[in-house]
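Commentary on secondary and tertiary structure
One letter stands for each residue in the lines below.
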Amino acid sequence: MLKATLRSFLAHKGRLALSALAVVLSVAFVAGSLIFSDTVTRTFDRLFASTSADVTVGPKQDLKSPVPSGAVQTVPAALKERVAKVDGVAAAHADVSVQNVVVVDSGNRSVGPTTGAPTIATSWYVTPRSPVKLTSGHAPGGAGEALLDADTAGKKHVRIGDTLTVQAQPGTFRVRVVGIATFTTTNPGAALVFLDPAVAARQLLGSADRATSISVDAAKGVTDADLKRRVGQAVGSGSYDLKTADEQAKSAAADLGGFLDVIKYVMLGFAGIAVLVGIFLIVNTFSMLIAQRTRELGLLRALGADRRQVRRSVLTEAVLLGVFGSTLGLAAGIGLAFGLIRLMSAFGMNLKATEMVIGWPTPVAAYVVGVGVTFVAAYLPARRAAAVSPMAALADAEVAGVGKPLRVRAIVGTVVGAAGAAALAGCAAATKTGSAASLLGLGVVLTLIATVIAGPLLVRPVIRVLGGAFPALFGSVGRMSQRNALRNPRRTGATAAALMVGLALVGGMSVASASMSASFDRQIDRTLGADFTVQNSNFLPFTQEITDKVRGTEGVRLVVRQRFAPVAVRLPDGRRVETTAAGYDPQVDEVAHVTYAAGNSAAALADGSLGMDVTFAEDHRVHVGSTLPVEFPGGRTAEMRVGALTDQDGSGGFGMQGGLFFGIATAEKYVPGGQDAALYVNKAAGTGADQLRSRLEQTLKPYPQVQVRDQADYKKLVHDQIAVLLYLVYALLGLAIVIAVLGVVNTLALSVVERTREIGLLRAIGLGRRQLRRMIRLESVVIAVFGAVLGLGLGLVWGVCTQQVLALQGMTALAIPWGTIVAVVLGSALVGIVAALLPALRASRMNVLAAIAHE
């Protein structure tokens, strides 16, 4: 049996090659994502471990927010002297390092990175742990001198002697580049500007008495943990945030982890799609191979092979295919990881491909995925092979398509589909976002399974409609192509299922993204009343200097500031919620149209008051007049009265979770040093919108990071952000289509082999080669369009239900992108034509007499 299995596998290696490609793709994405993330993690672990001080004393990090306030938390610089006197301290340094700076060259071009990495201004002093070393020029020796890192200098064409302008929170100042510092470790992609320690605090923090942290070096023989304990006793461990080198490295790695997780999960998403679609391809391939080998399997049974041996033989072929595909996939994954590392280098993160990490979990995961997928996919065909009767060897005709009645599929598909429909109906009727999202996920899974199960039942009615015009348009060739697609509903359904999965995904996401865009457009039209909005291109806060410049621009009548602050609120139901609140000037009603369920803007922005979203308030038993304890960064607390409740269609008002907002005076009081995140500008009477825009852009010319936007610009910005998600979905669709095309090619190629005698007879009675190719192409087109119809139908249902979930968050507009849907259907027909090219060409080149004699 082993010899027979190996011979059979090698005999069909050409037919199995396309199935192996599905395994290769899925394994490549799994292996590539693991290798890339492991490489980046180890590289940065090494960077953080080698550059962290033995103990770091920093400000208390009590509240974190995804939206920066612009305020820099500091510690007294004099703390260095107290720390230096602690027993076991070899040296102590007052560090100044801030990320809320912008650096531009003499041509007003930004010197910072464009990849989202920060521009960091820091004090210059050399220690054995410094990530950079001075390679040219000299160290900064006072105000007006600075060093720049070599990577930034090379990319932005900055040389020693050039003048740079640094926009910091205390004000803008100019520096002359007097030296270049080169990274000795991995460059994380940031731009670094080094200043003289004596002036860095004054220029970056506004006071020479402040520092961002104190770095402490341990004396010989003193452990980091022991030093941390001693320093904590001296300065008060509850007043500051103390971390050892290991803890500092872990904290920095955790901050980086979110970025790595995005890349890893995106790649694993591609792997998941490849696995899911590949299963259909492999099931179909093995099913057809077994149908064609009915006589062979029957002979094996007649010669004494029992069912277990036959099943084991087929599964052994699957394992061999899995091992082969996994090996190639692992190699492709290494190449993919190498490409990602080079791509990161192009974006400024200089990873070294020579330090690529391939841990033992990676090949294990690769072979588990590859072999597991093929084994699971081949199990049902293997059971069907084991059921072949020895008498089948005596049959003259193949028994392809013979199997269990479709009524079993009808019953199972109906039950699963009904459960999925019920879940989706529950999702549409739900009033809580969490429960609606859970029901949506359950409904998507169940309806997908039901469609796959019941797909063969839909083949005959749907393809009769889709191919109904074929006989009239293409005559007998069209009629035969339609009947060929109808001949084996199971095969047609399985072939179309691979394409259906990808198109269902893109259909659902297209509806969701179009609905999000329409909802945001409606929200912007309804709420934004300002003529212009001034923001940083990366949405980070900007300096007071920019606000003053905008206010002084000719033609500006009103400027309303927006400023964010991280807060923690203790609610009446006992919950403590950490969120981000927004601060506004009192004239907010002139630049925004706010709908209130209770109270008004004046009450919400009054001293000691705040506003919040009415839905959030109802969920936590808050009402107008409630007094809430609010915590701010740095341990500051306040008792604040709820002055107003907003009703912005569930959008959460101005802030984030809870829609909290208050007067900008409150933000300045409890978060000193904060910066404005946006300015809402209205024009003066007699000034045209275009005229004011031109003046604002001229005013902000020295600040290339700041953008002036009107409502149309804002809508385009939102659309572009949503498009990023949609492009990811289209990439997933592209992968699914590639594998689906392989499936259609495989099905048609095996179908041609299966119908060799039939094709020979058709050619003998006068069917031309061109007509034969057209027949196979039409068959492929109708199968592909059948998959598109099922997928888009399913995707539309998913998309509408997703919009119902989004409606609970205020995105109430439903939009269906009919243009995209029509384009996908036409594209599916093109996919069918492409997939049929090789099988059709092979069929047309058959020798007629040899085909008739084929058994």
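What counts and how
Residues numbered from 1 in each chain as written. Predicted model: local features only at pLDDT ≥ 70, side-chain atom pairs only at ≥ 80, totals over all residues. Heavy atoms only, no water. Helix = DSSP H or I, 4+ residues; strand = E, 2+ residues; numbered from the N terminus. Buried < 20%, exposed > 50% of the residue type's maximum accessible area, 1.4 Å probe, protein only. Lys, Arg positive; Asp, Glu negative; His and termini not counted. Charge placed at Lys NZ, Arg CZ, Asp CG, Glu CD. pLDDT = per-residue confidence, 0-100. Contact = heavy atoms within 4.5 Å. Pairing = 2+ DSSP bridges. Axes fitted to C-alpha atoms, helices over the stretch in contact; angles between N-to-C directions. Core = buried A, V, L, I, M, F, W, Y, C linked by side-chain atoms within 4.5 Å. Parallel < 35°, antiparallel > 145°, perpendicular 65-115°, else oblique. Left-handed = near helix turned anticlockwise from the far one by under 90°. Nonpolar A, V, L, I, M, F, W, Y, C, P; charged D, E, K, R; others polar. Expected span 1.5 Å × (residues − 1). Patch = residues over 30% accessible without salt bridge, like charges linked within 9 Å, V, L, I, M, F, W, Y side chains within 5 Å. Areas by Shrake-Rupley, 256 points an atom, 1.4 Å probe, with all protein chains shown as cover. Salt bridge = Lys/Arg side-chain N within 4 Å of Asp/Glu carboxyl O. Phe/Tyr/Trp six-rings, centres within 6.5 Å; stacked < 30°, edge-to-face > 60°. Polar contact = N/O pair within 3.5 Å; in protein donor to acceptor, adjacent residues only side chain to side chain.

Description of the overall build of the protein
From N to C terminus, the protein includes 24 helices and 24 strands. The C-alpha extent of the protein, read off along each of the three principal axes, is 95 × 65 × 55 Å. Across the 855 residues of the protein, 50% fall into the buried class. For the protein, the separation between the mean place of its 81 positive charges and that of its 58 negative charges on side chains is 15 Å.

Some remarks on the confidence of the model for the protein
Model confidence for the protein is summarised by a mean pLDDT of 84, while 93% of its residues fall at 70 or above. Contacts of residues 396–403 to residues separated by more than four positions or lying in other chains number eleven contacts, the stretch itself having pLDDT below 50. Taken as a whole, residues 650–655 scores under 50 in pLDDT and shows 19 contacts with residues more than four places along the chain or in a different chain.

Let's talk about the environment of P541
For P541, the position within the fold is in the loop between β15 (532–536) and α15 (544–551). According to the relative accessible area criterion, P541 is buried, its value standing at 11%. Among residues more than four places away in sequence, those in contact with P541 are P68, S69, G70, N536, Q675, D676 and A677.

Points about the sheet that holds strand β14 (residues 240–244)
Across the sheet, which stays open at both edges, the four strands sit in the order β3-β13-β1-β14 with antiparallel pairing between neighbours. Of all the strands in the sheet, just β3 (89–95) and β14 have a single pairing partner and so form its edges. Across the sheet, the axes of successive neighbouring strands diverge by a mean angle of 20°, strand direction being ignored. Sheet topology note: the strand β1 (residues 55–59)/strand β13 (residues 213–218) ladder contains three bridges and is antiparallel.

A closer look at the nonpolar core
Core analysis: the biggest nonpolar cluster contains 70 residues, and V277, I463, L503, I739, L772 and I776 have the highest contact counts within it. Looking at which element gives the most residues to this core, the answer is helix α22 (residues 769–807), with 15 residues. Setting aside residues no more than four positions away along its own chain, I463 makes contact with L458, G468, Q482, A485, L486, T492, V782 and F786. M516, I524, Y714 and I722 belong to the second-largest nonpolar core, a separate cluster that totals 26 residues.

A word on the packing of helix α13 (residues 470–487) against α22
One way to put it is that α13 packs onto α22 with a least axis distance of 8 Å and a crossing angle of 65°. Taken together, the axes of α13 and α22 are roughly perpendicular relative to one another. Considering the relative orientation of α13 and α22, their crossing is right-handed. Contact residues: F470, F474, V477, G478, M480, S481, N484 and A485 in α13; Q771, R774, M775, L778, E779, V782 and I783 in α22.

Quick notes on the packing of helix α12 (residues 433–466) against helix α14 (residues 489–527)
In the contact formed by α12 and α14, the axes pass within 8 Å of each other and the chain directions differ by 120°. With respect to α14, the axis of α12 lies oblique. Crossing angle aside, the handedness with which α12 passes α14 is right-handed. Contacts from L448, T451, V452, P456, V459, R460 and I463 of α12 reach α14 at P489, R490, T492, G493, M500 and V501. Residue composition of the contact of α12 with α14, by class: eight nonpolar, three polar and two charged.

A look at the environment of V559
Examined against the element boundaries, V559 turns out to sit in strand β16 (residues 556–570). Once the C-alpha coordinates of V559 and T547 are considered, the two residues, twelve residues apart in sequence, prove to be 8.4 Å apart. Each residue touching V559, except ones within four places of it in the same chain, is listed here: V550, R551, D585, L679, Y680 and V681.

Looking at the side chain of D54
With respect to the secondary-structure elements, D54 resides in the loop between α2 (13–51) and β1. The class of D54 is buried, set by a relative accessible area of 17%. Once residues lying within four places of it in the same chain are set aside, the contact partners of D54 are R129, V216, D217, A218, D224, L227, K243, T244 and A245.

Notes on α13
With 18 residues, α13 should reach 26 Å at 1.5 Å per residue; the first-to-last C-alpha distance of 16 Å falls well below that figure. What α13 keeps buried is the set F470, V477, G478, S481, Q482, N484, A485 and L486. Summarising the contacts, the buried residues of α13 are in contact with α12, α14, α21 (756–764) and α22.

Looking at a nonpolar patch on the surface
On the surface, F375, V376, Y379 and L380 cluster together to form a nonpolar patch covering roughly 390 Å² of accessible area. Mapped onto the elements of the fold, Y379 is located in helix α10 (residues 361–386).

Regarding the packing of aromatic side chains
Applying the stated criterion across every chain yields a total of four aromatic pairs. Ring geometry for F632 and F662: centres 6.1 Å apart, planes at 55°, overall tilted. Of the two residues, F632 sits in the loop between β20 (627–631) and β21 (637–646) while F662 sits in strand β22 (residues 661–663), which places them 30 residues apart along the sequence. Given a relative accessible area of 1%, F662 falls into the buried group. Between F632 and Y670, the aromatic rings sit 4.6 Å apart at their centres with planes inclined by 10°, giving stacked as the arrangement. Here F632 is found in the loop between β20 and β21, whereas its partner Y670 is found in helix α18 (residues 664–670), with 38 residues between them in sequence. Y670 shares its class with F632; the two are buried.

Brief notes about the environment of Q535
Topologically, Q535 is positioned in strand β15. Residue Q535 is classed as buried on the basis of its relative accessible area of 7%. Along the backbone, Q535 and V708 are 173 residues apart, and their C-alpha atoms lie at a distance of 6.8 Å. Sequence-distant contacts of Q535, defined by excluding residues within four places in its chain, comprise F542, A677, A678, Q705, V706, Q707, R709 and Y714. At 3.2 Å, the side chain of Q535 and the side chain of Y714 are in polar contact.

Quick notes on the side chain of T56
Considering the arrangement of structural elements, one finds T56 in strand β1. For T56, the contacting residues outside a window of four places in its chain are S213, I214, D241, L242, K243 and Q248.

Describing the pairing of strand β10 (residues 172–183)
Sheet topology places strand β7 (residues 132–137) next to β10; five bridges connect them, and they run antiparallel. Bridge pairing in β10 links K133 to T182. Direction of pairing for strand β8 (residues 145–149) relative to β10: parallel, over a ladder of five bridges. Paired with D149 across the two strands is A181, which belongs to β10. Note that strand β9 (residues 163–167) and β10 share five bridges and pair antiparallel. Bridging across to β10, Q167 finds its partner in T172. Counting the residues in the hairpin turn of β9 and β10 gives four residues, including G171, whose phi is positive at 160°.

Some words on unusual backbone geometry
Located in the positive-phi region is N108, a residue other than glycine, with phi close to 60°. With respect to the helices and strands, the residue N108 is situated in the loop between β5 (102–104) and β6 (119–123). We note that R621 has phi near 60°; this positive angle belongs to a residue other than glycine. Considering the arrangement of structural elements, one finds R621 in the loop between α17 (614–619) and β20.

Some words on the pattern of salt bridges
Throughout the structure, instances matching the rule amount to 26 salt bridges. Measuring nitrogen to oxygen at the nearest pair gives 2.2 Å for the salt bridge that ties D217 to R129. Linking D217 in strand β13 with R129 in the loop between β6 and β7, this pair joins segments that are 88 residues apart in sequence. The exposure class of D217 is buried, given its relative accessible area of 13%.

So, a positive patch on the surface
Residues R460, R464, R479 and R483 make up a contiguous surface patch of positive charge. Listed by contribution, the elements that provide at least two residues to the positive patch are α12 and α13. With respect to the helices and strands, R460 occurs in helix α12.

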